[in-house]
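# An overview of the molecular structure
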Amino acid sequence: MKEKCGLFAAFSTSKTDVIPLVTIGLRGLQHRGQEAWGIATPTMNPFKQNGLVTDNLDQSALVLQQMKSNIAIGHVRYSTAGGTSLSNAQPFSINKKFCIAHNGTVCDLNSVNTKLTGKKPRRINDTSIVGKRLLSILKTNNFDWFKSIELLCDELVGAYCFVILTPDNEIYAFRDTRGFRPLCIGWHKKSKTYLISSESCAFSMLGAELTRDVNPGEIIKISNKGLESHSFSRGERTAHCSFEYIYFAHPSSVIDQTSVYESRRKLGQMLAEMYDLNADVVVPVPDSARPAALGFSEKSGIPMVEGLMKDRYAKRGSQRSFIQPKYKERLKINRWIMPVKSAVDGKDVIVIDDSIVRGISSKAIVKTLRNSGAKSVKILVTYPPIRHPCRAGIDFPTHEELIAYNTSGKNSDIDTINKKVGKSVNADFVGYNTVENLAAGIGKKPNQLCMACHDGEYGVLNRNLSNETSE
Ligand code: SF4
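All of these numbers come straight from a predicted model, not from anything done at the bench.

### What to know about the UniProt feature "binding site: Mg(2+)" (unreviewed entry) in the protein
Summarizing the sequence annotation, UniProt attributes the feature "binding site: Mg(2+)" (unreviewed entry) to Ser288, Asp353 and Asp354 in the numbering used throughout. A stretch of 67 residues holds the annotated residues, and the largest C-alpha distance among them is 7.9 Å, short enough that they meet in one place. Considering the arrangement of structural elements, one finds Ser288 in the loop between β18 (281-284) and α9 (290-300). With residues up to four places along the chain from it excluded, the contact list for Asp354 reads Ile246, Tyr247, Ser288, Ala289, Val381, Thr382 and Tyr383. Side-chain polar atoms of Asp354 contact the side chain of Ser355, separated by 2.7 Å.

Below is the structure:
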């Protein structure tokens, strides 16, 4: 099961209808999933739609108006495996006993399902397997939720956050013991509403405050009694996903006390210290590399220009190519990145990008800048070379898809990778960041972060790769 998605939940202690809050909150998390979305209330009949929250909003509003509730959970979906049909959209109702939504990857679904049914699952891309396993644990533990969730987490291997809504008007939210995926708590003062969100940017959209992160290995319960906490942390090292900070998360979010925007800006400054390159202009790849390009420009003194623009007036212009499920879709979205000829014509250009995964965007960008008259195109990348598939919910599933692995293998030094990837994307130079700089820019130690897509250290997932399952 691989879901790199967004979670949102709301509980109003003043009995205010929270459906509008959840809908806006999910819009605030749209960058985390653009394939489908859904909202569940204690009636246990979740409402689900394909596409963006704003697609067909008039029609959705008719249904949502009838869902009035002071308690709800919601989900935006980005699948990294499995189908994109509405049947896979979340939240799921589990036998009408509770609704569940998930962000992350549970690696050992075969073993979860075997405990549940004695059989291997035919389809494994399904949050409902975990939900059904939780239901069976609840039944044998007198519906003691804290105990049952803790027992469930003892069985799960992977990177995950869940939100659960019970018919008894309670919300449970929990995060794995290593804190791979972000999850935080907020407070909407006007409606006296507790909020849970994958990212704090959704609180900002609502004018709500970020209270704190859900700690790794913590279960939060929200009910009429207020907020309660139960820890099942085992004192392990953390493994926060470093890719969240440089690409996936919204720049306005604060994750585990770190500002995503300031991290990106600092990483740009560090690239300027690391690579002393001459150029006329610095161009960010829109949108996630913009703060890094600003940091690079501040440190190097080379002016930043918007030499590449997303076409915001086309529907696809606002979408993210990386999270599209199909190669053809990624190519289509790259077409909506347009050069600004006057900004790059006759200039030596440094492009700042957050990462190079498959190299599809990099090739297209080099080509478009050269066609617009750029004399030279050098690319600097805030994330170290991605040489290994992510087993924790980000969509680069095979070595063969990764340009750094394809061109340079698993063990090449950084200079070799820089040269080979540069040649492959037809750039005059490619320079990656280092792990040490990345961690320093994020304000963490390297051993507090997951870097498995760079170094292949899947031990952070406690994962036996021989048991890997996929659809
Ligand atoms: S492997 Fe990379 S993308 Fe996946 S969780 Fe770890 S740091 Fe994030």
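From this point on, the discussion continues.
### Describing the confidence of the model for the protein
Mean pLDDT over the protein: 89, with 86% of residues reaching 70 or higher. Across residues 465-471, where pLDDT falls below 50, the model places 15 contacts with residues more than four positions away in sequence or in other chains.

### Digging into helix α12 (residues 360-371)
Here α12 contains 12 residues, and its C-alpha end-to-end distance of 17 Å stays within 8% of the 16 Å for a straight helix at 1.5 Å per residue. For α12, the full list of buried residues reads Ile360, Ser362, Ile365, Val366, Thr368 and Leu369. Of the residues trailing α12, Gly373 is marked for its positive phi of about 100 degrees.

### Re the packing of aromatic side chains
Summed over all chains, the structure comprises 13 aromatic pairs. Plain terms: the ring middles of Phe146 and Tyr172 are 5.9 Å apart, the flat faces sit at 85 degrees to each other, and that makes the pair edge-to-face. You can see Phe146 sitting in helix α5 (residues 145-155) and its partner Tyr172 sitting in strand β9 (residues 170-175), a full 26 residues away along the chain. Each of the two residues, Phe146 as well as Tyr172, counts as buried. On the basis of an interplanar angle of 65 degrees and a centroid distance of 6.0 Å, the ring pair of Tyr247 and Phe248 is categorised as edge-to-face. Through a chain of ring-to-ring contacts, three or more aromatic side chains come together here, namely Tyr78, Phe243, Tyr247, Phe248 and Tyr383. Residue placement shows Arg391 over the ring face of Tyr458; its charged tip is 5.6 Å from the ring centre.

Rules and cut-offs
- Here the residue numbering is sequential within each chain, running from 1 through the sequence in written order.
- In keeping with the predicted nature of the model, local features appear solely for residues at pLDDT of at least 70, side-chain atom pairs appear and are counted solely at 80 or more, and the whole-chain, interface and lining totals rest on all residues.
- Think of the side-chain values as coming from all heavy atoms in the structure, minus any hydrogens and water.
- UniProt positions are given in the numbering used here, feature names are shortened, and annotations may be inferred rather than shown by experiment.
- For helices the rule is a DSSP run of H or I covering at least 4 residues; for strands it is a run of E covering at least 2, with both sets numbered from the N terminus onward.
- By the convention used here, residues are in contact when the closest approach between their heavy atoms is within 4.5 Å.
- Here a polar contact means two N or O atoms within 3.5 Å. Within protein one must be a hydrogen donor candidate and the other an acceptor candidate, and residues neighboring in sequence count only if both atoms are side-chain atoms.
- Scored from 0 to 100, pLDDT reflects the predictor's confidence in each residue.
- By this rule the span expected of a helix is its residue count minus one, scaled by 1.5 Å.
- Note on exposure labels: buried denotes an accessible area under 20% of the residue type's maximum, exposed denotes more than 50%, and partly exposed covers the range between, all computed with a 1.4 Å probe on protein chains only.
- Two aromatic rings from Phe, Tyr or Trp, using only the six-membered ring of Trp, form a pair when their centres are within 6.5 Å; if the ring planes differ by under 30 degrees the pair is stacked, by over 60 it is edge-to-face, and anything between is tilted.
- Each ring is checked for a lysine NZ or an arginine CZ that lies within 6 Å of its centre and within 35 degrees of its normal; such an atom marks a charge sitting over the ring.

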